[in-house]
Number of protein chains: 2
Amino acid sequence: MSPTTLTDAPFSLVVDEQGVLKPATSTVERRLSQMKGMYHDAAAEDQLLAGDDPLVYEVFQYDMPEHVGELVVCTTLLYPGRVGDEFFMTKGHYHEQRDRAEVYYGLSGEGQLVVAYEGQHHTVAMGPKTVAYVPPHWAHRTVNTGDEPFVFLAVYHGDAGHDYGSIETEGFPQRVLDRDGSVAIVPQGEL
Amino acid sequence: MSPTTLTDAPFSLVVDEQGVLKPATSTVERRLSQMKGMYHDAAAEDQLLAGDDPLVYEVFQYDMPEHVGELVVCTTLLYPGRVGDEFFMTKGHYHEQRDRAEVYYGLSGEGQLVVAYEGQHHTVAMGPKTVAYVPPHWAHRTVNTGDEPFVFLAVYHGDAGHDYGSIETEGFPQRVLDRDGSVAIVPQGEL
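These notes cover the structure that comes with them. These numbers come from a predicted model, not from an experiment.

### Details of the nonpolar core
With 102 residues, the main nonpolar core has Val73(A), Val103(A), Val73(B) and Val103(B) as its most contacted residues. In this structure Val73(A) touches Leu13(A), Leu21(A), Tyr62(A), Leu153(A), Val155(A), Val103(B) and Val131(B), once residues within four positions along its chain are discounted.

### Quick look at the relation of the copies chain B and chain A
Overlaying chain B with chain A gives an RMSD of 0.0 Å, the required rotation being 180° about an axis along which the chain moves by 0.0 Å. Such a turn and shift between the copies fits a two-fold axis.

### Thoughts on unusual backbone geometry
A cis amide bond links Lys22(A) with the next residue in sequence, Pro23(A), at an omega value of -5°. Positionally, Pro23(A) belongs in the loop between strand S2 (21-22) and strand S3 (26-31). If you check the backbone angles, Asp53(B) has positive phi at about 45° while not being a glycine. Residues other than glycine seldom take positive phi values, yet Glu118(B) does so here, at roughly 45°. Its location among the elements puts Glu118(B) in the loop between strand S9 (111-117) and strand S10 (120-126).

### Observations regarding the environment of Val15(A)
Following the sequence through the fold, Val15(A) ends up in strand S1 (residues 11-15). It is 23 Å that separates the C-alpha atoms of Val15(A) and Gly161(A), two residues lying 146 residues apart in sequence. In this structure Val15(A) touches Leu21(A), Thr75(A), Leu107(A), Leu153(A), Lys129(B) and Val131(B), once residues within four positions along its chain are discounted.

### Topic: the pairing of strand S12 (residues 139-144) of chain A
Residues and elements named next belong to chain A. Within S12, six of the six residues are buried, which leaves it mostly tucked inside the rest of the structure. Where burial is concerned, the two faces of S12 agree: the one with Ala 139, Arg 141 and Val 143 and the one with His 140, Thr 142 and Asn 144 are both buried. Across six bridges, strand S9 (residues 111-117) lies against S12 in antiparallel orientation. The residue bridging Ala 116 from the neighbouring strand is Ala 139, located in S12.

Calculation notes
- Residues numbered from 1 in each chain as written.
- Chains lettered and ligands numbered in written order.
- Predicted model: local features only at pLDDT ≥ 70, side-chain atom pairs only at ≥ 80, totals over all residues.
- Core = buried A, V, L, I, M, F, W, Y, C linked by C-beta atoms within 7 Å.
- Buried ≥ 20, exposed ≤ 12 C-beta atoms within 10 Å, placed from the backbone.
- Contact = placed C-beta atoms within 7 Å.
- Least-squares fit on C-alpha atoms with pLDDT ≥ 70 in both.
- Helix = DSSP H or I, 4+ residues; strand = E, 2+ residues; numbered from the N terminus.
- Pairing = 2+ DSSP bridges.

Here is the structure:
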């Protein structure tokens, strides 16, 4: 549960060496089994699920009042790995309050921000010290294209909310694949 | 001039080794002469102004549409120095849209976030990897308490705006001073 009255004192948090936000008041631990059907290679997915059900990413968030004037901070640790030729990625979501943007700041590792809106799509490369901007209205997902954890800080509006369902149904129009050791952005229709 | 339509594509910026946000679309270069009367030791201020009018801080910002759903990113390089026993600081401001918060993320150096609201005040120590939160409604200023540049990233709402005048008149109730090499937070009334 998020608090409901406006924050009335400043506070500080710290990002540790691994990228964990401390203290966090809510966390997500996303394993492959919780992303069923999101990767394009179902056979590769089944094979991994028959094994150790890998941890794909973790989110460490400090919850805030759900008011437009507040800002939520979280860090994401997106682990290196692939399902077949597709790099580990987050589920991705729209903001429930659609016109809310989001700012990412790269802390370590390498990745891509993938955004989609009404059939349009873009990708933005991210690394340490990159600021990446998710414009209002766009669904967004991140992908780890490197071989170490891709870690970034995110800031978004207190009232943004998350809508995972819509983009889960629509799917992102682009996939980020490992093609012979290179990062390839491939339209869904060309798989 | 800020753009007036909502951002419709993602983009990336980078923070360079010194902490400069690139590209920046607006910058502030604040010299001591532009902060006249803000430090408590007028004689020390005059002495510095008779010299080289030191550069106190610089801000590198990427301007955004002035819409609540957008987020503005900037970096601040607050240089080390003192006016008498008072550490170099930013002017400080309220947000014009008062209920807009702000998030700081420490990149290098050491400092204090000082906030004030209706006679109340708080300070929060900041260093690299510190997330510091400016709650909605509070005037905020930062102070460099170290001997290297204090550099931090800031994120705030597109429609927040800046009100420098009110806090310039009121003054912050606390000052951050160098007392024999230690950082002292001293109420204005005890100077």
